[in-house]
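Architecture and fold: a report
Read off the chains here:
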Amino acid sequence: MIAIRDIAGHLPTGRIDNLAQGASFGEGEDFIRTKLGATTLTRLEDGEETSDLAVAAIEALLARGELERTEIDALVVVTQNGDGDGLPHTSAIVQGKAALSQRVAAFDISLGCSGFVYGLTALRGFMECAGLRNGVLVTADPYSTIIDPSDRVTSLLFGDAAAATWLSSDGEWEIGRPEFGTDGTGAEHLMCRDGRLTMNGRQVFNFTAMTVPQQINTLLAREGLQPEQVDIYCVHQGSAVIVETIARRFPTVSDRFVLEMDQCGNTVSSTIPLLLQDRLHDPDTKRILISGFGVGLSWASSIISRRGSAAST
Amino acid sequence: MITDKEVIDCLHRANPRLDVDGLKPADALTDLGLDSLDRYSLFVELQELTGLEVPDEAVPKLDSVASIVDYFNSRMG
């Protein structure tokens, strides 16, 4: 069984002071800190491309010393803002820049904030079907490339980042069967038009608040679990208020919902792996629920469990 | 039908830090310090309570407990 072995994140060096940016839009510090949840937003430097973010995350993973680049059999890049105009696929460019084997299977997945959860299952299935041992799932979706700086709604929210997740036949964290969701009738609420991101904040908030807790409950019920049997909840860091809104719907475990986006913002499909990278190594953590949701509209939730623990299958 | 108290309870759940003590039905919620995200949260709470979704264009006009009660009760009546 293919499982998660390790995760390494990468934040680019560019920074935006979101308190100052918020003030320019007439927003106070309290709104930025407690509602949006990020006092600093990360940004690509001039000339940096999505593939560079992806490579940096892969190099961070390789630097941990357990995976050799020649051992990587599959590479998936989750992005909707890849290099150039999207042709060729960004994962091919990453293969070249990272000097991976030419035998590697490389392809992109076009998903946003739900992309990590979908991507885990997609890559796991691909690897198991193809008999592969080591694969890397990279999330790298720099929205700074499409944000209109005059748009308050999106300028104050999104940050750039990447994460590389190593899936392996020797992995420690089993990937549970997800619950999926798609609603294309909501596509217009978060859309790139003429190269610029537009977002109906209220509709996206509504969708998340009404849909995600329901899916989490469905997943828990399907697995025969009570909320207290999950050690931590790593949901997509859409904003502080949305994480808190979801957490409130699980009153007995609301303190187990992680909120950690102050220094980067909403990094799209990278928010969940950035939360997981250290938490996977806490020996007391056995079962983590992950849930990604957003553009599409698309959403997915699953449970990852430490192999060999009572939590694993 | 919903009541003033139910709307105020929804307001409190939307943002527990808002001071709703002494809030009168005609008071402007903007004056209470309700921001855009509080407003989103409030209407989610009201939707969960009533089953009714408020369209985007109606939201700006609903800036008091009284106007919210009137709006929902006219749709639920």
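Residues numbered from 1 in each chain as written. Chains lettered and ligands numbered in written order. Predicted model: local features only at pLDDT ≥ 70, side-chain atom pairs only at ≥ 80, totals over all residues. Heavy atoms only, no water.

1. Structural notes on helix α9 (residues 271–279) of chain A
- In terms of burial, α9(A) is a largely internal element, 7 of the 9 residues being buried.
- Within α9(A), the full set of buried residues consists of A:T271, A:I272, A:P273, A:L274, A:L275, A:L276 and A:Q277. (Buried < 20%, exposed > 50% of the residue type's maximum accessible area, 1.4 Å probe, protein only. Helix = DSSP H or I, 4+ residues; strand = E, 2+ residues; numbered from the N terminus.)

2. Things to note about the packing of aromatic side chains
- Within this structure, the stated rule accounts for 9 aromatic pairs over all chains.
- Taking the centre distance of 5.7 Å and the plane angle of 80 degrees together, the rings of B:Y71 and B:F72 count as edge-to-face.
- Counting every residue linked through ring pairs, the aromatic cluster contains A:Y233, A:F250 and A:F257. (Phe/Tyr/Trp six-rings, centres within 6.5 Å; stacked < 30°, edge-to-face > 60°.)

3. A look at the state of the cysteines
- Applying the stated criterion across every chain, the model contains 0 disulfides over all chains.
- Lacking any disulfide linkage, A:C264 is separated from the closest cysteine sulfur, that of A:C113, by 13 Å. (Disulfide = S-S within 2.5 Å.)

4. So, the pattern of salt bridges
- In this structure the tally under the stated criterion is 24 salt bridges over all chains.
- With a closest N to O distance of 2.8 Å, B:E48 and A:R249 form a salt bridge. Of this pair, B:E48 sits in helix α3 (residues 36–50) while A:R249 sits in the loop between α8 (240–248) and α9, which puts the two residues in different chains.
- Residue class for B:E48 comes out partly exposed when judged on its relative accessible area of 40%.
- Between B:D63 and B:R39 there is a salt bridge; the shortest N-O distance is 3.1 Å. Taken together, the residues span a long stretch of sequence, with B:D63 in the loop between α3 and α4 (65–76) and B:R39 in helix α3 at a distance of 24 residues.
- Each of A:R248, A:R249, B:R13, B:E45 and B:E48 takes part in a single network of salt bridges with overlapping partners. (Salt bridge = Lys/Arg side-chain N within 4 Å of Asp/Glu carboxyl O.)

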